[in-house]
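# Summary of structural features
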Amino acid sequence: MSIKSLDELMNIRKKHEENVSLRDNDNTSQTKLLVGMATCGIASGARETLNELLKEIKAQGLENVKVVQVGCLGYCHSEPTVEVNIPGQDAILYGPVTVDRVKELVERHIINHEIIEELVINQNFDRA
Amino acid sequence: MSDKIKLTINKQIVEVNPGTTVLKAAKSIGIEIPTLCHMDLCDFEFVNKSASCRVCVVEIEGRRNLAPSCVQKVEEGMVVKTHTPRAIRGRRTSVELLLSNHPQECFTCPKNLDCELQKLADDLNIRDIHYVGEKINYEKDSSSFSIVKDPNKCIMCRRCETMCNEVQTCGILSGVGRGFDVIVAPAFKLPLQDTSCTFCGQCVAVCPTAALTESNRTREVWRALADPTKHVIVQTAPAIRAAIGEEFGMEPGTLVTGEMVSSLRELGFDGVFDTDFAADLTIMEEASELVHRIEHNGTLPILTSCCPAWVKFIEHNYPEMLDIPSSCKSPHIMFGAIAKTYYAEKNNIDPEDMVIVSVMPCVAKKAEAHRPELTNYEDSNVDLVITTREAAAMIKEAGLDLKNMPKTDFDKMMGESSGAGVIFGTTGGVIEAATRTAYEWITGETLEDVEFNDMRGLEGIKSATVNIGDLELKIGIAHGLGNARKLLDSIKSGENEFHAIEIMACPGGCIGGGGQPYHLGDSEILKARQNALYAEDKGKKIRKSHENTEIIKVYKEFLGEPYGEKAHELLHTKYVKREKL
Amino acid sequence: MSIYRLNIMVCGGTGCMASDSQGIVDNFKDILKEKGYDQEVQVLKTGCFGFCEQGPIIKIHPDNVFYVKVTPEDVEEIVDEHIIKGRRVERLLYEDPDLKEKINEQSDMSFYKPQLRIALRNCGLINPEDIFEYIAYRGYEALGTVLKNQSPEDVINTMIQSNLRGRGGGGFPTGLKWKFANKAPGDEKYIICNADEGDPGAFMDRSILEGDPHSVLEAMAIAGYAIGAETGLIYIRAEYPLAIKRLEIAIDQAKEQGLLGKNIFGSDFNFNIKLKYGAGAFVCGEETALIASTEGLRGEPRNKPPFPATSGFKGKPTNVNNVETLANVAPIILNGPEWFNKIGTEKSNGTKVFALAGAINNVGLVEVPMGTTLREIVYDIGGGIRGGKAFKAVQTGGPSGGVITTKDLDTPIDYDSLQAIGSMMGSGGMIVMDEDTCMVSIAKFYLDFTQEESCGKCTPCRIGTKRIFEYLEKLTEGKATMDDLHNLKELCESVKDTALCGLGQTAPNPVLSTMEYYWDEYVAHVNGHCPTKECKALLSYTIDAEKCIGCTACVKKCPVDCISGERKEPHVIDEAVCIKCGACYDVCPVDAVIKP
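Residues numbered from 1 in each chain as written. Chains lettered and ligands numbered in written order. Predicted model: local features only at pLDDT ≥ 70, side-chain atom pairs only at ≥ 80, totals over all residues. Heavy atoms only, no water.

Across the contact, 35 residues belong to chain C and 39 residues belong to chain B. Between chain C and chain B, roughly 2,900 Å² of surface is buried when both sides are summed, and carbon and sulfur atoms account for 46% of that area. In this structure, the connection of chain C to chain B is made through six salt bridges. C:Glu490 is paired through a salt bridge with B:Arg89; the nearest N and O atoms lie 3.7 Å apart. For the interface between chain C and chain B, the tally reads 25 residue pairs in polar contact (both at pLDDT 80 or more). A per-element tally of the side of chain C that touches chain B places helix α18 (residues 459-476) of chain C first, with nine residues. When the residues that make up the side of chain C that touches chain B are grouped by side-chain class, the tally is 10 nonpolar, 11 polar and 14 charged. (Contact = heavy atoms within 4.5 Å. Buried area = accessible area lost by both parts, 1.4 Å probe. Salt bridge = Lys/Arg side-chain N within 4 Å of Asp/Glu carboxyl O. Polar contact = N/O pair within 3.5 Å; in protein donor to acceptor, adjacent residues only side chain to side chain. Helix = DSSP H or I, 4+ residues; strand = E, 2+ residues; numbered from the N terminus. Nonpolar A, V, L, I, M, F, W, Y, C, P; charged D, E, K, R; others polar.)

See below:
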């Protein structure tokens with residue numbers, strides 16, 4: 001299994017960068033998705049939403065996108081809630097983001113920076 | 001454009017070859033930097049390079065600390081100052097520290113007035129030891145018959161370690177432990193008797209203090225001399241006569257045979273005899289053995305066995321090759337065997353009342369005399385062995401000044417020696433002596449030119465080929481056990497083939513033995529001693545062992561045939577397989 | 001492969017392991033599995049975070065939450081609250097003692113803010129037992145780049161330009177060392193990594209080896225390429241079993257990936273690394289003694305010149321580098337020497353790892369740019385003196401170093417500035433001392449160490465350090481005279497001047513340094529008095545003048561007549577004569593005698 005060239009090394013690196021991507025802490029360039037995971041969130045399926053987000057981000061090959069669980073965001077009526085923080089843009093809080101809406105969220109907002117109006121709870125939410 | 005290096009020492013400019021040490025460079029312009037652990041025996045590939053005593057330190061411009069001049073090589077443009085207050089302070093501190101950890105028993109120390117540390121303390125004007133504290137406290141090792149090891153006097157100069165490991169390749173001594181309590185000792189701090197030490201005594205020969213000295217038997221000799229019931233006779237090895245004069249201020253290499261004999265006689269010995277006589281005896285037996293082996297397809301090569309350190313070396317290190325050495329005892333042992341039988345008979349003396357004392361240049365012979373194989377009729381062949389230094393001390397005790405003694409001859413019956421017997425004392429001498437006899441025995445012709453220059457000189461390993469009739473006798477010679485090892489390894493591997501090999505454990509042969517006056521690395525002294533022996537050989541009318549009239553007599557009247565039954569009983573021995581530790 | 005949404009990094013350095021961080025790991029794995037979260041949460045052991053005072057430490061990613069003083073018993077709560085419900089466990093967060101508030105993120109802590117982790121870059125970030133995590137963070141890219149695009153001379157020039165200096169304490173320019181070895185004639189050369197780290201209290205190298213072993217392996221290979229060596233040896237002290245284990249795993253993994261062995265990255269370059277264990281001798285940290293030990297001989301230093309670059313291991317050209325020095329190599333290659341030049345001071349570029357210990361609040365491992373002042377380290381990073389006591393001095397350089405007092409607290413740390421004030425950088429040990437520390441005892445502590453660790457080869461060190469120690473013992477027992485004090489100083493200067501190797505040459509430093517700044521304390525000891533009351537033998541009985549009623553009961557009782565005082569006047573004990581029998585204490589009716 002010898003690595004015989006610098007390119008080979010780079011490929012291996014790319015493959016494994018995902019595994020450690022959770023540890024990147026660069027607030028200025030990372031997109032952060034905060035998922036409310038308090039009791040009501042979990043009860044409404046936030047855990048599944050989070051896992052689906054991870055799956056979709058990987059499937060889309062997106063880099064520099066972090067998914068962080070947080071406690072109660074306060075909007076219990078619209079759980080599961082996901083807050084999207086893209087550097088340079090306003091924070092957007094979405095809910096309810098059920099598992100079936102995850103793909104859309106990723107494609108429209110994360111990739112295309114398009115706000116999904118019907119899913120928005122509050123547009124000018126202060127950054128967490 | 002010369003490729004010498006120019007530097008300044010004490011404001012004087014000096015030019016030397018690259019690779020020269022600052023110490024040597026200074027010496028070349030008459031500046032003596034004190035040293036202690038340093039020892040340069042470069043003729044024997046021995047330079048003690050530990051630079052650990054820190055006495056020879058000097059100031060070098062641009063260098064933060066003081067530098068040890070004995071290992072610091074010169075550099076172009078170097079500016080050295082050897083005796084600034086700073087260098088002197090460094091030197092003094094090192095010696096004061098050594099003295100603070102040294103027993104203060106100079107009065108009764110074996111090296112009183114002969115100790116390098118003592119001399120240094122005086123040279124450096126040390127009259128006060130500021131740093132008083134704990135001292136190392138080890139027991140003296142008097143386990144062996146040859147060497148006394150007193151670790152408390154060790155100054156960690158490592159000369160003995162260098163000698164034992166690099167020159168003699170015995171590997172007995174090494175630094176053991178760490179920190180303040182470190183000493184040079186055998187592995188596990190075992191007593192020497194329990195190791196594979198050969199007692200070659202070269203460590204004793206280089207030790208600057210009394211950490212390593214010979215086991216002193218002079219008291220016992222005095223006791224024997226004072227006992228009216230004892231018939232005490234003494235024999236002197238060939239190497240003694242070329243060196244003992246040095247203990248009395250004479251030039252190295254002054255032949256003092258006659259004076260030595262007179263001095264010993266004055267001490268009260270009932271007979272003063274010559275080991276060279278027994279050397280001739282050894283040749284009779286050993287040449288017979290060589291011829292016997294050649295003619296009967298016996299084991300070859302034959303190795304000379306008169307050196308007990310060498311015998312012990314082969315017993316420990318090459319136990320599988322014990323059929324190679326000659327079975328002959330060493331000369332002084334043969335002497336003892338003949339003295340307690342032939343001489344005793346002829347003079348009506350009860351051998352039980354006899355005390356045979358050997359003066360030897362060697363400390364290994366002290367242990368040799370106690371070997372259980374070297375007895376006849378349950379009595380040791382030789383009773384007491386003292387070194388050249390001990391003999392000189394006894395002569396001084398008797399108030400005699402050797403250099404002013406008259407020249408007299410050895411006593412008869414065992415005092416005559418041929419020139420061949422004399423040269424036993426130097427490397428190459430034994431085999432040259434054997435060749436002189438073997439030649440005439442094998443060819444039946446007279447050997448005209450008895451001097452074999454190929455066998456002479458201080459080179460570590462020599463080889464020579466002598467045409468004896470149809471036979472091309474191949475001879476190998478080694479002195480120093482490291483060279484012996486090389487030679488033996490080459491025989492084992494089949495690289496070299498010899499008929500006869502002479503090995504002496506001490507560099508230079510017996511003249512450089514562990515019991516001789518300290519030469520401290522000066523190979524000029526060794527050369528001078530060698531030349532003295534060759535000169536005595538040249539001055540003799542009889543130069544071949546088998547022509548020695550007393551030898552002829554002892555065979556005719558007592559022993560019978562050389563290599564015969566009686567000869568075997570008295571003059572031959574066996575060897576013991578020993579383990580290596 | 002499961003997609004983890006959480007990484008829990010648990011500190012696996014020896015310090016936290018000693019506090020059962022393994023138990024934390026085990027509990028996490030068990031409880032997460034039990035509760036069905038093991039496919040979503042990855043638990044990993046990582047290297048030292050450095051904030052050892054607060055250990056055991058765990059860090060949760062991507063939440064970037066830093067929990068301190070965690071015990072295995074806390075794990076269940078962390079899982080229930082944080083992992084499952086996303087709620088921080090407040091009581092396990094670090095509380096800033098000045099701001100009195102809990103701090104979530106590492107980068108907001110005053111302990112971490114001034115730090116710049118280059119040598120320690122991966123410690124706390126990656127799992128040291130997984131080569132792919134090292135690769136994910138640009139591991140082995142430097143080696144690959146060098147082998148593909150650069151000549152050995154290019155590499156050496158980069159190192160020279162970077163101005164990296166030996167981090168073991170010598171401060172010798174690394175690039176120059178590589179150049180000498182490269183230029184030395186011969187085609188059998190060696191790279192040796194000095195992992196013997198013997199200074200008491202120093203654990204910089206240990207943390208790097210435990211937390212990021214591959215950084216050392218990669219650097220050794222790069223060095224090998226630069227000087228033309230095919231064999232690397234790591235001389236590691238046997239007292240570091242965890243570091244040894246991590247190195248062995250790393251070497252095996254590197255071999256498996258072809259990053260060690262023949263034709264690395266498909267080039268002509270071969271390189272292999274072997275481990276050699278030390279056997280408990282501090283002196284084997286000295287490079288020539290280390291080489292002797294590696295050859296199977298007594299670990300005794302040799303006279304220099306010749307230097308190892310021309311004649312080292314087996315008499316061949318050898319380059320010996322310290323672990324921390326090597327840990328800097330890959331970043332320099334990747335980021336370029338100019339990047340390194342911008343960090344630190346003019347003559348000392350880059351950072352230095354320090355092991356902070358002693359009377360300081362935040363004991364641990366820190367890495368700061370050169371030029372950071374001692375004040376910043378002691379107060380900002382270190383959190384000030386424990387127990388609110390006053391700062392007295394800081395000792396750097398271990399047994400070879402000296403003390404730095406208040407007046408030099410604003411000295412920016414670099415090799416030359418520390419030397420100029422009588423101390424030295426050393427390998428990075430930094431012991432902080434407060435007002436209750438007796439400086440004579442400190443000197444004695446260090447000499448106790450050096451005289452025992454002396455190899456015994458040269459006179460000044462073998463006997464000299466012993467005598468120096470004996471003087472210090474006399475001082476702390478109140479048996480020394482002023483003459484002794486002067487002789488001690490002279491002896492120290494002489495030993496420094498004449499000893500054969502660094503151990504002996506620097507052994508007197510603690511004494512000379514403390515003498516320079518605290519001569520009064522030494523004189524006090526001569527007079528039988530220890531100002532900090534640390535030296536038990538010098539403690540004395542005193543009489544409280546306020547309480548004393550002048551009854552003369554003690555005066556009459558004293559067996560050596562050392563108490564003076566008239567009736568109704570406060571009595572006084574003459575400390576010089578007092579034999580500390582306590583008879584006065586026993587007889588005083590009003591408890592006016594103060595026992596030491």
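What follows is about the pattern of salt bridges. Opposite charge on two side chains makes pairing possible when the charged atoms of those side chains draw close. Following the criterion strictly, the structure yields 85 salt bridges over all chains and no others. With a closest N to O distance of 2.7 Å, A:Arg23 and C:Glu133 form a salt bridge. Linking A:Arg23 in the loop between α1 (6-20) and β1 (31-36) with C:Glu133 in helix α4 (residues 131-136), this pair reaches from one chain into another. Each member of the pair, A:Arg23 as well as C:Glu133, is classed as buried. A salt bridge links B:Arg578 to B:Glu315; the nearest nitrogen and oxygen atoms lie 2.7 Å apart. Taken as a pair, B:Arg578 in the segment after α19 (565-571) and B:Glu315 in helix α10 (residues 308-317) lie far apart in primary sequence, 263 residues in all. Since its relative accessible area comes to 24%, B:Arg578 is described here as partly exposed. Beyond isolated ion pairs, a larger network of salt bridges with shared partners links B:Glu432, B:Arg436, B:Glu451, B:Arg456, B:Asp537, B:Lys538 and B:Arg543. (Buried < 20%, exposed > 50% of the residue type's maximum accessible area, 1.4 Å probe, protein only.)

A few words on the confidence of the model for chain A. Per-chain confidence: chain A averages 83 in pLDDT, with 92% of residues scoring 70 or above. No element of chain A has a lower mean pLDDT than strand β5 (residues 120-122) of chain A, at 78, and none a higher one than helix α4 (residues 102-111) of chain A, at 90. (pLDDT = per-residue confidence, 0-100.)

What follows concerns the nonpolar core. All names here are of chain B. Grouped together as the largest cluster of nonpolar side chains are 108 residues, with contacts concentrated most on Ile244, Phe269, Trp310 and Leu571. By residue number, the principal contributor to this core is helix α11 (residues 331-346), which donates nine residues. Both of domain 2 (136-215) and domain 3 (218-571) provide at least three residues apiece to this core. Beyond its immediate sequence surroundings of up to four residues, phenylalanine 269 is in contact with Val221, Leu225, Val232, Ile233, Val234, Leu264 and Val357. (Core = buried A, V, L, I, M, F, W, Y, C linked by side-chain atoms within 4.5 Å. Domains from an automatic or database assignment.)

As a further point, take the packing of helix α8 (residues 204-211) of chain C against helix α9 (residues 213-227) of chain C. A packed helix pair is summarised by two numbers, namely the angle formed by the two axes and the spacing between the axes. Residue and element names in this part refer to chain C. Remark: α8 packs on α9, axes separated minimally by 5 Å, with the N-to-C direction vectors making an angle of 95 degrees. Accordingly, the angle class assigned to the pair α8 and α9 is roughly perpendicular. Residues Ile208, Leu209, Glu210 and Gly211 of α8 touch α9, and the partners they reach there are Pro213, Ser215 and Val216. When its residues are assigned to classes, the contact of α8 with α9 shows four nonpolar, two polar and one charged. (Axes fitted to C-alpha atoms, helices over the stretch in contact; angles between N-to-C directions. Parallel < 35°, antiparallel > 145°, perpendicular 65-115°, else oblique.)

This part is about the domain arrangement of chain C. All names here are of chain C. Splitting chain C by domain gives domain 1 (6-108), domain 2 (131-338), domain 3 (351-434), domain 4 (439-526) and domain 5 (539-596). Each of domain 2 and domain 3 has a C-alpha centre, and these two points are 27 Å apart. Between domain 2 and domain 3, the contact holds 16 residues from the first and 18 residues from the second. The tally of links from domain 2 across to domain 3 stands at two salt bridges. For glutamate 324, the salt bridge identified is with lysine 352, shortest N-O distance 2.7 Å. On inspection of domain 2 and its partner domain 3, the count reaches eight residue pairs in polar contact (both at pLDDT 80 or more).

Strand pairing within a sheet occurs via backbone hydrogen bonds; the two strands may be parallel or antiparallel. All names here are of chain C. Read from one edge of the open sheet, four strands run β9-β8-β7-β10, paired in parallel fashion. Both edges of this open sheet fall to β9 (272-277) and β10 (318-322), since each of them pairs with a single strand only. When strand polarity is set aside, the average angle formed by the axes of neighbouring strands in this sheet is 25 degrees. Sheet topology note: the strand β8 (residues 231-236)/β9 ladder contains six bridges and is parallel. Bridging from a neighbouring strand, isoleucine 234 pairs with leucine 275 of β9. (Pairing = 2+ DSSP bridges.)

Let's shift gears to unusual backbone geometry. With an omega dihedral of 5 degrees, the bond running from B:Leu300 to B:Pro301 counts as a cis peptide bond. Tracing the backbone through its elements, the reader meets B:Pro301 in the loop between α9 (275-295) and β14 (302-303). The omega angle of the peptide bond from C:Lys304 to C:Pro305 is 5 degrees, so this bond is cis rather than trans. If you trace the backbone, C:Pro305 turns up in the loop between α11 (287-294) and β10. The residue B:Phe188 is not glycine, and still its phi comes out positive at about 60 degrees. For B:Phe188, the location among the structural elements is in the loop between β10 (183-185) and α5 (202-206). One non-glycine residue with positive phi stands out, namely B:Phe199, at about 60 degrees. For B:Phe199, a relative accessible area of 3% corresponds to the buried category.

Taken together, the 34 residues of chain A in the interface contact 47 residues of chain C. Taking both sides of the interface into account, the surface hidden between chain A and chain C amounts to around 3,400 Å²; carbon and sulfur atoms contribute 55%. For chain A, the biggest contributors to the area lost against chain C are A:Arg23, A:Arg47 and A:Gln69; these three give 21% of the whole. Between chain A and chain C we count three salt bridges in total. Counting across the interface, chain A meets chain C through 15 residue pairs in polar contact (both at pLDDT 80 or more). With nine residues, α1(A) is the largest single contributor of residues to the side of chain A that touches chain C. Grouping the amino acids of the side of chain A that touches chain C by side-chain chemistry returns 16 nonpolar, nine polar and nine charged.

Another point: the packing of aromatic side chains. All names here are of chain C. The full count for this structure, using the stated rule, is 21 aromatic pairs over all chains. With centroids separated by 5.6 Å and ring planes inclined at 90 degrees, the aromatic side chains of phenylalanine 49 and phenylalanine 66 adopt a geometry described as edge-to-face. Of this pair, phenylalanine 49 sits in the loop between β2 (41-46) and β3 (58-61) while phenylalanine 66 sits in strand β4 (residues 65-67), and the two are 17 residues apart along the sequence. On the basis of relative accessibility, which here comes to 2%, the residue phenylalanine 49 falls in the buried class. For phenylalanine 66, a relative accessible area of 0% gives the class buried. (Phe/Tyr/Trp six-rings, centres within 6.5 Å; stacked < 30°, edge-to-face > 60°.)

What follows covers the pairing of β2(C). All names here are of chain C. Among the six residues in β2, six count as buried, and that is most of the element. Across the two faces of β2 the burial is the same, with Val41, Val43 and Lys45 and Gln42, Leu44 and Thr46 all buried. Note that strand β1 (residues 6-11) and β2 share six bridges and pair parallel. Residue valine 10 lies in a different strand from β2, and its bridge partner there is lysine 45.

This part is about the pairing of strand β21 (residues 500-504) of chain B. All names here are of chain B. When you tally the buried positions in β21, you get five out of five residues, the bulk of the element. Bridging between strand β20 (residues 471-479) and β21 involves five bridges; their strand directions are parallel. Across the sheet, the residue bridging to glycine 476 is isoleucine 501, located in β21.

Further remarks concern the side chain of C:Arg167. Residues and elements named next belong to chain C. Residue placement: arginine 167 occurs in the loop between α6 (152-162) and α7 (174-183). Note on arginine 167: relative accessible area 0%, which makes it buried. A polar contact is formed between the side chain of arginine 167 and the backbone oxygen of arginine 165, at a distance of 2.9 Å. There is a polar contact of 3.1 Å between the side chain of arginine 167 and the side chain of tyrosine 415.

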